[in-house]
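Report on the structure
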Amino acid sequence: MEYQVPQFIEVEDKIFGPFTLKQFIYIAGGVGVSVAIFLYTPLFIAVLLIIPIAALTAALAFYKINNKTFIEVLEAGFNYYTKGRLYLWHKDTSERSQTPAAPAPIVVTRQKLGLTQGKLQELAWSLDIKDQNQPPV
């Protein structure tokens, strides 16, 4: 039995003319807020408030940055400024970065274990058996 596999599932359906459902909701919300501001405030103040609302509405509905919607970019920016950050520091030991007045860098070296094949087999054998007193076979 053959089944049709849906393709282009990343593309949203155009529901309201040339607009997707999300775009229509953003535009309808922006127009609604703009009309309310226009009706209840003086004309000069209304125009000053409606212009940024119209710009935000257009950006939410149509603008993409690096193939991401504007709302995703706003969310990422909000999370960046409100959540904690993890900083990893690596000491730069290149000659350019060291100034003459800088103290000498601390060098930490690891001690070699000196693990040979015989010691490794002996260790594996001691881990495999339950009674440590038995000699290896």
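Look above for the structure.
Residues numbered from 1 in each chain as written. Predicted model: local features only at pLDDT ≥ 70, side-chain atom pairs only at ≥ 80, totals over all residues. Heavy atoms only, no water.

A word on the overall build of the protein
Helix and strand content of the protein: four helices and four strands. Seen in sequence order, the protein has helices and strands lined up from the N terminus as β-β-α-α-β-β-α-α. Per-residue burial over the protein gives 9% buried out of 137 residues. Put simply, the protein shows about 13300 Å² of open surface, and 64% of that area lies on carbon and sulfur atoms. (Helix = DSSP H or I, 4+ residues; strand = E, 2+ residues; numbered from the N terminus. Buried < 20%, exposed > 50% of the residue type's maximum accessible area, 1.4 Å probe, protein only. Areas by Shrake-Rupley, 256 points an atom, 1.4 Å probe, with all protein chains shown as cover.)

Things to note about the packing of helix α2 (residues 43-62) against helix α3 (residues 70-82)
Taken N-terminus to C-terminus, the directions of α2 and α3 make an angle of 105°; their axes are 6 Å apart at the nearest point. Considered as vectors, α2 and α3 are oriented roughly perpendicular to each other. Residues Leu56, Ala59 and Leu60 of α2 form the contact with α3, whose own contacting residues are Phe70, Ile71 and Leu74. Looking at side-chain class alone, the contact of α2 with α3 contains six nonpolar, no polar and no charged residues. (Axes fitted to C-alpha atoms, helices over the stretch in contact; angles between N-to-C directions. Parallel < 35°, antiparallel > 145°, perpendicular 65-115°, else oblique. Contact = heavy atoms within 4.5 Å. Nonpolar A, V, L, I, M, F, W, Y, C, P; charged D, E, K, R; others polar.)

Quick look at the packing of aromatic side chains
Taken as a whole, this structure holds three aromatic pairs when the rule is applied. Between Phe19 and Phe62, the ring centres sit 5.9 Å apart and the planes meet at 50°, which makes this aromatic pair tilted. With a gap of 43 residues between them, Phe19 in strand β2 (residues 19-20) and Phe62 in helix α2 connect regions that are remote in the sequence. Overall, the relative accessible area of 26% leaves Phe19 in the partly exposed class. On the basis of relative accessible area, Phe62 is assigned to the partly exposed category, the value being 48%. (Phe/Tyr/Trp six-rings, centres within 6.5 Å; stacked < 30°, edge-to-face > 60°.)

A few points about the side chain of Thr20
Relative to the helices and strands, Thr20 resides in strand β2. If we ignore the near neighbours within four places in the chain, the residues touching Thr20 are Glu12, Asp13, Lys14 and Ile15.

Looking at unusual backbone geometry
Residues other than glycine seldom take positive phi values, yet Asn66 does so here, at roughly 50°. Its place among the elements puts Asn66 in the loop between β3 (64-65) and β4 (68-69). The phi torsion at Asn67 lies on the positive side, around 65°, for a residue other than glycine. Among the secondary structure elements, Asn67 is positioned in the loop between β3 and β4. The class of Asn67 is exposed, set by a relative accessible area of 70%.

Re the packing of helix α1 (residues 21-40) against α2
For the pair α1 and α2, interaxial distance at closest approach is 9 Å and the crossing angle is 175°. Put simply, α1 runs roughly antiparallel to α2. When α1 is examined against α2, the residues Gln23, Tyr26, Ile27, Gly30, Val33, Ser34, Ile37 and Phe38 are found in contact with a partner set consisting of Leu43, Ala46, Leu49, Ile50, Ile53, Thr57, Leu60, Ala61 and Phe62. Tallied by class, the residues present in the contact of α1 with α2 amount to 13 nonpolar, four polar and no charged.

Describing the environment of Glu72
Residue position: Glu72 is located in helix α3. It is 9.4 Å that separates the C-alpha atoms of Glu72 and Leu60, two residues lying twelve residues apart in sequence.

Overview of a nonpolar patch on the surface
A contiguous nonpolar surface patch, about 870 Å² in accessible area, is contributed by Val31, Val35, Phe38, Leu39, Tyr40, Leu43, Val47 and Ile51. Sorting the residues of the nonpolar patch by element identifies α1 and α2 as the ones contributing at least two each. By residue number, the principal contributor to the nonpolar patch is α1, which donates five residues. On the secondary structure map, Tyr40 appears in helix α1. Residue classification places Tyr40 among the exposed residues on the basis of a relative accessible area of 72%. (Patch = residues over 30% accessible without salt bridge, like charges linked within 9 Å, V, L, I, M, F, W, Y side chains within 5 Å. Salt bridge = Lys/Arg side-chain N within 4 Å of Asp/Glu carboxyl O.)

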